[in-house]
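Architecture at a glance
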Amino acid sequence: MPDTSTERTAPAAAAGSGRTDGGAGAPERTDYMKVWGRDHWFWPYLKMNKGLLALIFFLGTLTFVCAAGLMFTSGFLISRSARRPFNIFVVYVPIVLTRAFGIGRPVFKYLERTRSHDWVLRVVSRLRVQLYRTLSKDASFLSEHERTGSVLSMLADDLDHLENFYLRTIFPTVVAYLMWLVVTMAVGVFSWVSSLLLFVLFALVLVLIPLVSLSFADGHYALEKARRQEEYTKVTESYLGLSDWVITHRGAQFAGTGADDFARVMDSQREQKRFERWRNFAIQMIFAVMAVGLLVGSQLFLTGSDGMADYAAAVVLSLFPLIDCFIVVAQAFAEVPLYTDSLGNLNGLSERVEARQSAPVEQVRLSEPVGSIDFEHVTFAYGPGQPVLLDDVSLHIQAGQKVALLGPSGEGKTTILQLLLGDLQPDSGRILINGQPVAALQHERPRLFGYLNQQPFLFNTTIASNIRLGNPAATDDGIWRALEAVRMADAVRALPQGLDTPVEEGGARFSGGQRQRLALARIVLKDTPIVLLDEPTIGLDPVTEQELMAMVMEATAGRTLLWVTHHLQGLESADQVVFLDSGRIAMQGSPARLYRDNPRFRQLYRLDVGDLASV
Amino acid sequence: MIDTSLFRFAGIRRELLALAALSILQGAAICGQATGLTWALVQIWYRRGLPSLVLPAVAFFVAFTVRQLCEVAKQQLATTYADGVVRRLRPEVQAKVFRLGPAALNQRGTGSAVTMLIDGLDQVKTYIQTVLPKMMDMTFIPLIALVVVWSQSPLSGIILLCMLPLLFFFLAILGLAARDRSNRQYAQFRKLNTRFVDTILGLPTLKMLGISDEYEDEIHSVSDRFRKRTMSVIRVALTSTFALDFFTTLAIAMMAVFLGNRLINGSVALFPSLLALILAPDYFLPIRQFGDDYHATLDGKNALQDMQALLKRPEPAQDDSLDWEGWGPDSRLTVSHLDYTYPTKPQADAVVQSSASSSRYSSKEPGPAEREADAESAGTVEPALTDLSFSFHGYGKIAVIGRSGAGKSTLVQLLAGFNAPSAGSIDLDGHRLEHFNAPAWQRHIAYIPQTPYIFSGSIADNIRFYAQDASDGDVEQAAGRAGLDDWLDSLPERLDTLIGEGHRGISGGQAQRIALARVLLDDSRGILLFDEPTAHLDIETEYDLKQTLLPIMEDHLVVFATHRLHWLSAADRIIMLDQGRIAAQGSPSELIGRGGPLDGLIEQMGGNQIAGYLD
């Protein structure tokens, strides 16, 4: 959903918990068929490296075979020894087996755990690349969500959920089902009737109860998610507005913000916990019934001779280690809604990206230098029913011109830049460079444009690596020159680590103005013929703003510059000023001419520079 | 894994006693269950016929049921207790956040505080409900099992007892060493994860620079390193589990073989041997389980420590004794020699940062207010105020001007009572004050920051924030005076339109107007404090808003911090701050055009360049 509202909307949009699709409405149940039916993120990987996968399942099964085997042979060993055979060699085989199973269980478990983690991490590794590739295919998705980086990082969280899905649900469930098969067959050797009875009891534990669990968890998961989100939103809003709460002295009400959502989540969790407790109790009781059944069965079938009776303890005792194997399946199913949700998000992303892939345009090369940029009768809206942001806009820019774009917030200034880049396609009209449509110049794009948005992104690495992104071949000298151009060289030189100073997460080490300048240094280094800047001075104080704009003009000398701004300061160096209003160009011309001829411009300009003539 | 602060919760003793009693009862039931089972198996071994099996089987079944019921009861107790703790903790934390005020919250960061409240409480809950029953189980169950085994077969008792120090040795030495190592690796592992998120967040930038394809390889190699790193973390953890597992299964195998030998010698009977074998797994179980959820409980422990550090922070003093009727035309406020120093950032926050570093990205992008605070603190050193003396008399507009970091916002926040001065005297209509954190004062002020508080709800609800029982007519009128009419007319539901997160987005100008309407609705607020009211707005919105603001400012005491020069001509008095000191104060005509410090600032800010255009 395109966010066509303005930049400074409710602050919680950025600080809240991210996705806004939860809302307060009645939680809906997951449509499993829909999510799992058309999937790009799960099935393809399950088919990957089948040999290793089979080995993992085999090792997992073997772990429990050993656990049961240990109790089986120990029980047998003790029962047989109690008959006091005259020779120790009578129990030699059970002794050896007891030791073997005793060592085998931890060893196989270790091997299974390491193999399965390795397999999953390999899958996740590929999933990461897939996520990256999918995202990078859709630039418009990215530009829409530039400001809400949370959406992107939530997708990364979804990958982590998938990782757990394999480890916590898929693997234990498959192993439990294999053990179900093994146990049924092993008991079948003694008695087909007992085997059938056990099979039915196991079906309760492995099929019926997990499905009930799933259905119970589904409703609760949706409710908790929606409520949690509400709580996040409300609390974040109230924290951002704390000053207003303080001066109205409404501490009690403030403390209660989101409390009802919190209480609902707590209640829901309590219900879930209660359900889990009694569910596990029920499963345990089924095992108690099985144990009693095995006792009775042993009495009925294994008391033909002393030799057979020695197996009774063995059979009954081997049941208990299996509880660990089977009891986890119900919980594994209960977590499916969470994973399905994540999978749904990822699949949704894939589908959106696929749907938005526009028909490929034959790409051309731009042999001659950029001469002109033209918008011809461009009309654009984010979709049917959305406000028309640009309505029949035409604009001609000569190479080397400096053009300032102004207008109220949300009026499509940024959209013009995105249309020029080719990230968005106009509903009608053409955007041309040297007479070539920009859609056909996408391969040339990195060579043509340098673009700086409102909150430029700095990677959590060194200053040098961040700037070198503009030109991977740049020397340290080149980087210093770029830093000189943006007036940051002295500041960087003053740092103990110089160019190798880490900028920290999101560039946290530097102030807003410094971050802008570092990002600008990339563009200086890149040396593209067209430079696009989106409100480069927003949030800066006038002195810094003044310095930054002067520096930008100097650094982009000889290049074409298009900059979106909300202030008129520094405008005197523009060749052309374009005011947008209601999707149309309201004023256009050189600043000096506008100042002379246009009273509105004069008024705004006087306001902006702080006309003190009247004082 | 246990934190001593756990023992300071209300009712913890009773809770622990009840859990201990249940653990002891469960231990007894475990022994009873083992006895019943052994007894039954012995009957089968002697081939005594089905009736002889009834009593032991019933005994087993009853004891088994009691054991599971104990488990349910323990879980129930622990969950309910944890529930109660968290439900009591939430309002405490909220009340503390409220009393510490907006300045402290900004310093900590809104996002991190919200995370602490919502995710933190959840983690604390998991921590408490997991650790309490596990602790009790480990204390009592092995002991009871050991006593019973020993009484039946001292040799088996010795084997079990010998294994105990070995287990603790591995739990402690190997486990702790591994945890130390794994903690360090965990940190690196987090770093790599952050790196991936970082690259995803920076994708628009990479795309723009035309190097997104090259970064696909980077993602792959980061991911691969990530996998190896994770594997080494996991391997350490798995090795310690392996050691624990190995020694427990080995103990059981050893015991079975020893007992087998003794049985053949005839020096021990079947019943005690079998009982020892059956009890052995239950003897080890609580110890093995204890170390299981280390990382899950670690998060809870950190969150709990963080909350307790917050609750211990000293609160700003509040003056409830002030008896003052509000600002009138004859009111006078005199402030002399006021100093203010920023408190140093509390250390506790670092804990959260590290433990929540991955979740910080996921949903808690810093809000705009926070970003601003970041920029302020990163760009300058310790904005403090030194030796401020000024006096306000009656109604009037006071502009506080200066460069970023000169202390403008600090002064306004001081006047609002969010910060307390470290020295100086305040005289308000003859009342002596230490600071402005006095309900009687705050009842008469309105504080409007750059991004006013907008919460999700209707526009009318938002406007009613200061005066909650205002009539619809008054709200309508206030909205009109605040210049909201044009916008409201474009909304079908007018004042009932829902705004805020998840609803209609609003622009910065509209948010300011809503905040103004709020003030207009409550005429008891004669003092208006503005912190950069128009700095983030585009020039046209700023112009329109100024036209609305000017008449509202009449008949009020207005203090506005700004770096926009155009406000100067509208001010009755100007206070110019430079590095926390008053550089100049007086009426505009006294300060402008006299070659004083204000003229220097205006020059730097690029004011009064109109002359250039007229050439």
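Because the structure is a prediction, the values reported are computed rather than measured.

Right, let's talk about the environment of Pro426 of chain A for a bit. Residue and element names in this part refer to chain A. Tracing the sequence through the fold places Pro426 in the loop between helix H14 (413–421) and strand E4 (428–433). In this structure Pro426 comes out as buried when scored by C-beta crowding, with 20 C-beta atoms within 10 Å. Counting along the chain gives 10 residues from Pro426 to Ile416, while the straight-line C-alpha distance between them is 9.7 Å. Beyond its immediate sequence surroundings of up to four residues, Pro426 is in contact with Val378, Thr379, Phe380, Leu419 and Ile431.

With respect to the helices and strands, the residue Phe199 of chain A is situated in helix H8 (residues 192–240). Expressed as a C-alpha distance, the spacing of Phe199 of chain A and Met185 of chain A, which sit 14 residues apart in the sequence, is 9.7 Å.

One full turn of an α-helix is made of 3.6 residues, so residues set three or four places apart face in the same direction. Here H8 of chain A spans 69 Å end to end across 49 residues, near enough to the 72 Å set by a 1.5 Å rise per residue. Within H8 of chain A, the axis deviates most sharply at Leu204 of chain A, by approximately 35°.

Our focus in this paragraph is the nonpolar core. Residues Leu279 and Leu529 of chain B are the most contacted members of the largest nonpolar core, which totals 338 residues. For this core, the element with the highest residue contribution is helix H2 (residues 51–108) of chain B, accounting for 19 residues.

Mean pLDDT over chain A works out to 81, with 90% of the residues at or above the 70 mark. A low-confidence stretch, residues 1–27 of chain A (pLDDT under 50), is modelled with 79 contacts involving residues beyond four sequence positions or located in other chains.

All names here are of chain A. Pairing of strand E9 (residues 576–581) with strand E10 (residues 584–589) involves 5 bridges; the strand directions are antiparallel. Counted as the bridge partner of Asp581 is Arg584 from E10. Between the antiparallel neighbours E9 and E10 lie 2 residues, among them Ser582 with a positive phi of about 50°.

This part is about the sheet that holds strand E2 (residues 388–398) of chain A. All names here are of chain A. Strand order in the open sheet made by the 4 strands is E2-E1-E4-E5, with antiparallel pairing throughout. What marks the edges here is a single partner per strand, and that holds for E2 and strand E5 (436–437). As judged from the 7 bridges shared by strand E1 (residues 372–381) and E2, these two strands associate in the antiparallel manner. Following the sheet pairing, Ile373 is matched in E2 by Ile397. Contacts between H14 and the sheet are confined to E1, E2 and E4, with E1 contributing the most and set at about 115° to the helix.

What follows deals with the packing of H8 of chain A against helix H13 (residues 336–356) of chain A. A pair of packed helices is characterised by two quantities: the angle between their axes and the separation of those axes. Residue and element names in this part refer to chain A. The contact between H8 and H13 brings their axes to 8 Å, and the two run at 55°. On the basis of their axis angle, the class for H8 and H13 is oblique. On H13, the residues touching Leu214, Ala217, Asp218 and Tyr221 of H8 are Val336, Pro337 and Leu338.

Turning next to helix H4 (residues 50–82) of chain A. All names here are of chain A. For H4, which comprises 33 residues, the first-to-last C-alpha distance of 47 Å matches the rise-based estimate of 48 Å (1.5 Å per residue) to within 8%. Most of H4 sits inside the fold, with 26 of its 33 residues counted as buried. The first or second residue beyond H4 is Arg84, which carries a positive phi of 55°.

So, about the confidence of the model for chain B. A low pLDDT means the predicted coordinates there should not be read in detail. Residue and element names in this part refer to chain B. Counting all residues, the mean pLDDT for chain B is 79, and 85% of those residues have values of 70 or more. Confidence scores differ between elements of chain B, with helix H10 (residues 357–363) showing the lowest mean pLDDT of 33 and helix H1 (residues 12–45) the highest of 93. The low-confidence segment residues 611–615, where pLDDT is below 50, has 3 contacts with residues more than four positions distant or belonging to other chains. At the level of chain-chain contacts, confidence expressed as ipTM amounts to 0.81, with global pTM at 0.81.

A word on the environment of Leu295 of chain A. All names here are of chain A. Looking at where Leu295 falls in the secondary structure, it is placed in helix H11 (residues 259–301). On the neighbour-count criterion, Leu295 (24 C-beta atoms within 10 Å) is buried. The spatial distance from the C-alpha of Leu295 to the C-alpha of Ala464 is 74 Å, given a sequence separation of 169 residues.

Rules used throughout
- Note on numbering: residues in each chain are counted from 1, in written sequence order.
- Whichever chain is written first becomes A and whichever ligand is written first becomes 1, with later ones labelled in order.
- Owing to the predicted nature of the model, reporting of local features is limited to residues with pLDDT of at least 70; listing and counting of side-chain atom pairs is limited to 80 or more, with chain, interface and lining totals taken over all residues.
- Only DSSP runs of H or I with at least four residues qualify as helices, and only runs of E with at least two residues qualify as strands; both kinds are numbered from the N terminus onward.
- We call a residue exposed when 12 or fewer other C-beta atoms sit within 10 Å of its C-beta, buried when the count reaches 20 or more, and partly exposed for counts in between; the C-beta positions come from the backbone.
- By the convention adopted here, residues make contact when the C-beta atoms placed from their backbones lie within 7 Å.
- In this analysis, the expected span of each helix is defined as 1.5 Å times one less than the number of residues it contains.
- Bend, in this description, refers to the angle at a residue between axes fitted to the seven residues ending there and the seven starting there.
- In this usage, the nonpolar core is the set of buried Ala, Val, Leu, Ile, Met, Phe, Trp, Tyr and Cys residues whose C-beta atoms join them within 7 Å.
- The predictor reports its confidence for every residue as pLDDT, a score running from 0 up to 100.
- By definition, two strands form a pair when at least two bridges between them are found by DSSP.
- Lines fitted to C-alpha atoms define the axes here, with helix axes fitted over just the stretch in contact, and angles between the N-to-C directions of these axes take values from 0 to 180 degrees.
- These descriptions rest on fixed angle ranges, namely under 35 degrees for roughly parallel, over 145 for roughly antiparallel, 65 to 115 for roughly perpendicular, and the rest for oblique.

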